[in-house]
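Read off the chains here:
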Amino acid sequence: MPEEDGSVDRRAVASPYRALLEQLPRRQRELTIDGVRTAVFEYGPEDAPPIVFVHGFRGDHHGLEPVAAHLPGMRVIAPDLPGFGDSDALPHATIDAYASWLRGLVTEVAPGAVVLGHSFGSIVVAHAAATGLDASRIVLVNPIATPALAGANRIGSLLALGYYRAAAVLPERAGLALLGAPPIVRGMSAFMAKTREPQLLRWIHDQHDRYFSRYASRQSVLEAFDTSIRHTVGEVADRIAQPVQLIAADRDDITPLAHQHRLRTRFPDARLSVLTGVGHLVHYEQPREAARVIRRFLAEQG
């Protein structure tokens, strides 16, 4: 059962990437971006080339730590999205508000940086890049290419929307219990995970148990989910001038691989790398492989 602030009180399962993370210098600070108190976490040397990480829906910066662990020569800057983790919520969590927040954040912490988005974060990054984001290059991991309310997952998306709406209108305690209900969180985790390694799977479930229920309010979760299912990367792809690296997965249940190949053609300058044997949790299951693609992309772009 989640605490009233959405946290989960459980003993952590040891991270398979802990040793690598412990070798990185780590820093934490708070900034005010577009009037929103934003928690920012940094990994790696302060004078290293910067890359900004934008996590996905219902998670926080912890989700992309495994990728940061495999980029020791870079300065990884990972904020908690507004409304999640330790960041306050946007007044209204529209895609325009998220994009404006990200443009402001990058201008503040690392203008001209490489910017990476995972899942819902890919939508935020794409919309920010299409509207003046000061970034040199863009990396989109498990990008959302399929409209959730128009594709094969339409029924599932509508059911999920009903779930978040119910959590928002129920009395406080009941709504929090519904949002953090262990069977629902575990079901989400089991649906997305593809690994057969027991230790890795146990850790992935623990990550979701621990960090999937850290949000500013029930309303902020509902608004963010509504935004996540009403927008895609593809709707703004042709307006993104920066070189783009797409990292997709052959077993992704959220966006089928065929749609990722079509998405690549919509950018002025994009390349697609496909990781095999993994689904929507590339950042947990194959962070080393994702980091390898990122390094190759940056080297190719000089």
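These figures come from a predicted structure and were not determined experimentally.

Before going further, it helps to examine the overall build of the protein chain. Across its full length, the protein chain holds 12 helices and eight strands. A compact globule built from 302 residues should have a C-alpha radius of gyration of about 19 Å, and the protein chain, at 18 Å, falls within 12% of that. In terms of overall dimensions, the protein chain has a C-alpha envelope of 55 × 45 × 40 Å along the principal axes. When each of the 302 residues of the protein chain is scored for burial, the buried share is 58%. The long-range share in the protein chain, meaning contacts at least 24 apart out of those at least 6 apart in sequence, stands at 75%. Only carbon and sulfur atoms are counted for the fraction: they give 51% of the accessible area of the protein chain, which is about 12,500 Å². Taken together, the 32 basic and 33 acidic charged side chains of the protein chain have centroids lying 5 Å from each other.

Attention now goes to helix 3 (residues 95-109). Over its 15 residues, helix 3 runs 21 Å from end to end, which matches the ideal 21 Å to within 8%, given 1.5 Å per residue. Of all the positions in helix 3, only Ile95, Ala97, Tyr98, Ala99, Trp101, Leu102, Leu105, Val106 and Val109 are classed as buried.

With that settled, the discussion passes to the sheet that holds strand 7 (residues 244-249). Hydrogen bonds between backbone groups are what pair the strands of a sheet, and the pairing can be parallel or antiparallel. On the basis of which strands lie adjacent, the open sheet formed by eight strands has the order 1-2-4-3-5-6-7-8 and mixed pairing. Strands at the two margins of the open sheet, each flanked by one partner only, are strand 1 (26-33) and strand 8 (270-275). The average undirected angle you get between the axes of adjacent strands in this sheet is 20°. Where strand 6 (residues 135-141) lies against strand 7, four bridges are found, and the strand directions are parallel. Residue pairing in the sheet places Val141 in a bridge with Ile247 of strand 7. On the sheet, helix 12 (residues 287-300) packs against strand 3 (50-54), strand 5 (113-118), strand 6, strand 7 and strand 8 and is oriented at approximately 160° with respect to strand 8.

A few words on the pattern of salt bridges. A side chain with one charge can pair with a side chain of the opposite charge if their charged atoms come near. Per the counting criterion, the structure on display carries 16 salt bridges. Between Arg27 and Glu42 there is a salt bridge; the shortest N-O distance is 3.1 Å. Linking Arg27 in strand 1 with Glu42 in strand 2 (residues 36-43), this pair joins segments that are 15 residues apart in sequence. For Arg27, a relative accessible area of 22% corresponds to the partly exposed category. Residue classification places Glu42 among the buried residues on the basis of a relative accessible area of 5%. A salt bridge links Arg37 to Asp88, with the nearest nitrogen and oxygen atoms 2.9 Å apart. On the criterion of sequence distance, the pair formed by Arg37 in strand 2 and Asp88 in the loop between strand 4 (75-79) and helix 3 is long-range, its members being 51 residues apart. The partly exposed category is assigned to Arg37, whose relative accessible area is 28%.

So, about the nonpolar core. Residues Tyr98, Leu102, Val115, Leu133, Ile138 and Phe267 are the most contacted members of the largest nonpolar core, which totals 63 residues. Ranked by residue count, the leading element in this core is helix 3, at nine residues. Once residues lying within four places of it in the same chain are set aside, the contact partners of Phe267 are Leu140, Val233, Ala237, Ile240, Val244 and Leu246.

This part is about the pairing of strand 5. A large share of strand 5 lies buried, amounting to six of its six residues. For the segment spanning strand 5, helix 4 (residues 120-129) and strand 6, crossover handedness is right-handed.

Below, the discussion takes up the packing of aromatic side chains. Within the structure shown, the criterion is met by nine aromatic pairs. Measuring from centroid to centroid gives 6.5 Å for Phe57 and Phe120, while their planes differ by 85°, and the two rings are edge-to-face. Remark: Phe120 occurs in helix 4 and Phe57 occurs in the loop between strand 3 and helix 2 (65-69); sequence separation between them is 63 residues. Each member of the pair, Phe57 as well as Phe120, carries the same accessibility label: buried. Consider the rings of Tyr163 and Tyr164, whose centres lie 4.7 Å apart with planes at 65°: the pair is edge-to-face.

Our focus in this paragraph is the environment of Ser15. The topology assignment puts Ser15 in the segment before helix 1 (18-22). For the pair Ser15 and Ala145, spaced 130 residues apart in sequence, the C-alpha to C-alpha distance is 30 Å. Of the polar contacts made by the side chain of Ser15, one reaches the backbone nitrogen of Tyr17; its length is 3.0 Å.

This next bit is on the packing of helix 7 (residues 182-192) against helix 8 (residues 198-211). Helix 8 packs onto helix 7 with a crossing angle of 140° between their chain directions and a minimal axis gap of 9 Å. As judged from the angle between their axes, helix 7 and helix 8 are oblique. For helix 7 against helix 8, the interelement crossing comes out right-handed. Touching Val185, Arg186, Ser189, Ala190 and Met192 of helix 7 are Ile204, His205, His208 and Asp209, all from helix 8.

Conventions and cut-offs
Every chain begins its residue count from 1, and numbering advances along the sequence as written. Only residues with pLDDT of at least 70 are given local features in this predicted model, and only at 80 or more are side-chain atom pairs given and counted; all residues enter the totals for whole chains, interfaces and linings. Water and hydrogen atoms play no part in the side-chain values, which are based on all heavy atoms of the structure. We count a stretch as a helix when DSSP gives it H or I for four or more residues in a row; a strand needs E for two or more, and each element gets its number in order from the N terminus. The atom set for the radius of gyration is the C-alpha atoms, and the globule formula is 2.2 Å times the number of residues raised to the power 0.38. When a residue's accessible area, from a 1.4 Å probe over protein chains only, is under 20% of the maximum for its type it is buried; when over 50% it is exposed; and in between it is partly exposed. Two residues form a contact once any of their heavy atoms are found within 4.5 Å. Residue burial considers only the protein chains on display, and all accessible areas are found by Shrake-Rupley using a 1.4 Å probe. This count recognises Lys and Arg as positive and Asp and Glu as negative, with His and chain-terminal groups excluded. A single reference atom marks each charge: NZ on Lys, CZ on Arg, CG on Asp, CD on Glu. In this analysis, the expected span of each helix is defined as 1.5 Å times one less than the number of residues it contains. DSSP bridges decide pairing: two strands pair if at least two such bridges lie between them. All axes are obtained by fitting lines to C-alpha atoms, using only the stretch in contact for helices, and the reported angles, taken between N-to-C directions, cover 0 to 180 degrees. For this analysis, a salt bridge means a side-chain nitrogen from Lys or Arg found within 4 Å of a carboxyl oxygen belonging to Asp or Glu. Nonpolar core, defined: a set of buried Ala, Val, Leu, Ile, Met, Phe, Trp, Tyr and Cys residues in which side-chain atoms within 4.5 Å join the residues together. Here, the term right-handed applies to a crossover whose path from the first strand over the helix to the second runs clockwise when the strands point away from the viewer. Whether two aromatic rings pair depends on their centres lying within 6.5 Å, for rings of Phe, Tyr and Trp, where Trp uses its six-membered ring; planes under 30 degrees apart make the pair stacked, over 60 edge-to-face, and the rest tilted. Nitrogen and oxygen atoms within 3.5 Å of one another constitute a polar contact, given that in protein one can donate a hydrogen and the other can accept it, and given that sequence-neighbouring residues count only through two side-chain atoms. Every angle not falling under 35 degrees, over 145, or within 65 to 115 is termed oblique; those three ranges are roughly parallel, roughly antiparallel and roughly perpendicular. In this scheme the handedness of a crossing depends on how the near helix is turned from the far one: anticlockwise by less than a right angle means left-handed, clockwise means right-handed.

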